[in-house]
Amino acid sequence: MEFIDLGAQRAAIGPDRIAARIRAVLDHGGFIMGPEVRALEAALAAFCGAKHCVSCANGTDALQLALMTLGIGPGDAVLVPSFTFAATAEVVPPLGATPVFVDIDESDFGMDPDSLMRGIEAARSAGLVPRAVMPVDLFGLPPDLDAISAIAAAEDLHLICDAAQSFGARHGDRTAGAIGEISTTSFFPAKPLGCYGDGGALFTDDDGHADMLRSLRVHGKGSHKYDNARIGVNSRLDTIQAAILLEKLAVFPGELKARTAAADRYGALLGNRVKVPRVPEGRVSSWAQYTLTLPEGADRDAMQAAMKASGVPTAVYYPRPLHLQGPYAGFPHDPAGLPVTENLAPRVLSLPMHPYLTEEVQAQVAAATIGALEVA
Ligand SMILES: *Cc1c(COP(=O)(O)O)cnc(C)c1O
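Residues numbered from 1 in each chain as written. Predicted model: local features only at pLDDT ≥ 70, side-chain atom pairs only at ≥ 80, totals over all residues. Heavy atoms only, no water.

(A) Representation of the overall build of the protein within the structure. Along its length, the protein carries 12 helices and 12 strands. Overall, the C-alpha framework of the protein stretches about 65 × 60 × 35 Å when taken along its three principal axes. By the burial criterion, 54% of the 376 residues in the protein qualify as buried. Put simply, 73% of the contacts in the protein that link residues at least 6 apart link residues at least 24 apart. For the protein, the exposed area adds up to about 14,800 Å²; of that, 54% sits on carbon and sulfur atoms. The distance from the centre of the 30 positive side-chain charges to the centre of the 43 negative ones in the protein is 6 Å. (Helix = DSSP H or I, 4+ residues; strand = E, 2+ residues; numbered from the N terminus. Buried < 20%, exposed > 50% of the residue type's maximum accessible area, 1.4 Å probe, protein only. Contact = heavy atoms within 4.5 Å. Areas by Shrake-Rupley, 256 points an atom, 1.4 Å probe, with all protein chains shown as cover. Lys, Arg positive; Asp, Glu negative; His and termini not counted. Charge placed at Lys NZ, Arg CZ, Asp CG, Glu CD.)

Spelled out as structure tokens, the structure:
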């Protein structure tokens with residue numbers, strides 16, 4: 001059993017279709033910013049309903065490019081959750097700015113608006129200027145973006161949505177990508193829309209931001225390649241990855257439905273035995289992960305070992321919150337602490353999740369989970 005079955009996806013798309021796309025790139029030879037990159041950007045922008053899509057080398061660079069575009073630098077604070085992949089906070093210090101850690105809400109693993117308010121105050125008391133907030137759509141589910149965007153507007157913060165895990169998700173009538181002043185995503189192979197290497201993209205409705213992003217990703221280019229208008233980076237999406245993504249995007253709407261159906265089946269099989277993820281009214285998850293919250297004090301290591309012995313792979317996202325890890329421990333956080341983050345980190349357990357899960361496999365996962373809950 002695979003945790004994420006990319007082989008099944010390749011078989012479903014038809015391996016020849018992807019090979020033909022790659023062969024077309026080999027034939028035309030436009031490996032850097034070839035026609036597939038432009039076609040993909042147009043298709044992704046249309047999918048999300050964003051005016052601009054700017055592709056880049058990976059989801060981490062996408063976050064960094066967003067901060068660079070907004071001119072975030074020394075003396076600035078960027079409000080981030082601690083319960084996330086390191087990339088969300090990692091991009092802040094190299095620009096001279098300071099990440100300020102905020103707690104999450106137990107109901108959706110997303111940024112807690114009350115904690116965000118306290119984090120903004122903490123940043124000000126530390127002599128920093130709060131400039132941006134970067135909520136994360138953890139496990140594919142957007143957080144309470146109505147509350148978070150209202151705070152961002154009232155406090156004059158840029159809203160950057162880290163949608164690395166949530167391509168295809170929705171909040172109200174908006175699709176992830178078209179939420180926030182800038183949003184970012186990742187095409188790392190294990191993400192809901194993944195390529196066969198590294199890749200990422202940014203979305204914005206702002207023409208000025210889009211121009212700035214297109215310059216920054218190619219060394220800060222001006223009117224031509226060797227005209228350097230600003231300090232930039234090298235962060236382009238490979239044409240080959242764009243070609244692969246075009247083929248994967250074609251099957252993506254069907255995959256999203258299949259992920260939702262798989263999540264519903266897990267909910268029916270496990271919902272009365274353990275705390276399963278619930279999607280709040282008005283939101284749609286892209287189900288990057290299906291993450292259980294184990295009972296307080298459960299022996300997660302023992303559960304994982306028992307499930308592994310039954311042939312069921314599991315994963316823990318994320319075992320240690322960032323604010324408790326060496327390189328990040330010195331940055332400010334919500335002065336009330338991050339109790340939800342610290343309570344959930346030892347209790348989360350993610351089950352195999354992908355669009356090609358069969359009912360038989362899910363029944364096996366559920367049986368192994370229920371068996372393991374008894375030993376834990
Ligand atoms: C994966 C991920 C990233 C980074 O994406 P890469 O393409 O791996 O650089 C950023 N934020 C979150 C929440 C992620 O899960």
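The rest of the description comes next.
(B) Spotlight on the packing of aromatic side chains. Overall, the coordinates contain 13 aromatic pairs when judged by the stated rule. Aromatic pair Phe83 and Phe109: ring centres 6.2 Å apart, planes at 15 degrees, arrangement stacked. Of the two residues, Phe83 is situated in the loop between strand E2 (76-81) and helix H5 (87-90) and Phe109 in the loop between strand E3 (98-102) and helix H6 (113-125); the sequence distance between them amounts to 26 residues. For the cation-ring pair, Lys191 lies above Phe85, with the distance from its terminal atom to the ring centre recorded as 5.8 Å. (Phe/Tyr/Trp six-rings, centres within 6.5 Å; stacked < 30°, edge-to-face > 60°. Lys NZ or Arg CZ within 6 Å of the ring centre and 35° of its normal.)

(C) Layout of the site of the ligand. Looking at the ligand, there are 15 residues lining it, with Gly59, Thr60, Gln165, Ser186 and Lys191 nearest. In this structure, a nitrogen atom belonging to the ligand sits 2.8 Å away from a side-chain N or O atom of Asp162. Contacts to the ligand include Gln165, whose side-chain N or O atom sits 2.8 Å from an oxygen atom. The protein chains hide 94% of the 380 Å² of surface that the ligand would expose on its own. The set of elements that each furnish at least two residues to the shell around the ligand consists of helix H4 (59-69) and H5. Split into classes, the residues belonging to the shell around the ligand amount to five nonpolar, eight polar and two charged. (Near = heavy atom within 4 Å. Polar contact = N/O pair within 3.5 Å; in protein donor to acceptor, adjacent residues only side chain to side chain. Nonpolar A, V, L, I, M, F, W, Y, C, P; charged D, E, K, R; others polar.)

(D) Quick look at the state of the cysteines. This model, assessed by the stated rule, comprises zero disulfides. A disulfide-free cysteine, Cys195 has its sulfur positioned 11 Å from the sulfur of Cys56, the nearest such atom. Taking relative accessible area as the criterion, Cys195 reaches 0% and is therefore assigned buried. (Disulfide = S-S within 2.5 Å.)

(E) Up close: helix H8 (residues 207-216). Turning to H8, its buried residues number three or more, namely His209, Ala210, Leu213, Ser215 and Leu216. The inward-facing, buried residues of H8 abut strand E1 (52-56), H4, strand E8 (182-186) and strand E9 (200-204). For H8, the N-terminal capping position is held by Asp206, with its side-chain oxygen 2.8 Å away from the main-chain nitrogen of Gly208.

(F) Summary view of the sheet that holds strand E6 (residues 170-171). In space, the three strands of this open sheet follow the order E7-E6-E10, with antiparallel pairing throughout. Either end of the sheet is taken by a strand with one partner, and the two such strands are strand E7 (174-175) and strand E10 (283-284). Bridge analysis of E6 against E7 gives two bridges, and the strand direction is antiparallel. Across the sheet, the residue bridging to Arg170 is Thr175, located in E7. (Pairing = 2+ DSSP bridges.)

(G) Main features of the packing of H4 against H8. One way to put it is that H4 packs onto H8 with a least axis distance of 10 Å and a crossing angle of 120 degrees. The angle between the axes of H4 and H8 places the two elements in the oblique class. Judged by the twist between their axes, the crossing of H4 over H8 is right-handed. Note on element contacts: H8 touches H4 through His209, Met212, Leu213 and Leu216, opposite Leu65, Ala66, Met68 and Thr69. (Axes fitted to C-alpha atoms, helices over the stretch in contact; angles between N-to-C directions. Parallel < 35°, antiparallel > 145°, perpendicular 65-115°, else oblique. Left-handed = near helix turned anticlockwise from the far one by under 90°.)

(H) Representation of the pattern of salt bridges in the model. For the structure on display, the rule yields 11 salt bridges. Arg17 is the salt-bridge partner of Glu247, the closest N and O atoms lying 2.8 Å from each other. Of this pair, Glu247 sits in helix H9 (residues 239-270) while Arg17 sits in helix H2 (residues 15-28), placing them 230 residues apart in sequence. Accessibility expressed as a relative area gives 7% for Glu247, which makes it buried. Salt-bridge contacts for Arg131 lead to Asp76; the nearest nitrogen and oxygen are separated by 2.9 Å. Placement of Arg131 in strand E4 (residues 129-133) and of Asp76 in strand E2 is noted, with a sequence separation of 55 residues between them. The class for Arg131 is partly exposed, based on a relative accessible area of 21%. What emerges from the salt-bridge pattern is a single network uniting Arg17, Arg21 and Glu247. (Salt bridge = Lys/Arg side-chain N within 4 Å of Asp/Glu carboxyl O.)

(I) The arrangement of helix H12 (residues 359-375) in detail. Its 17 residues give H12 an end-to-end C-alpha distance of 25 Å, which sits within 8% of 24 Å, the value for a rise of 1.5 Å per residue. Looking only at H12, the buried set comprises Gln362, Val365, Ala366, Ala368, Thr369, Ile370, Ala372 and Leu373. On its buried side, H12 packs onto H9, strand E11 (290-293), helix H10 (300-309) and strand E12 (348-351). (Expected span 1.5 Å × (residues − 1).)

Coordinates in, geometry out; function isn't part of it.
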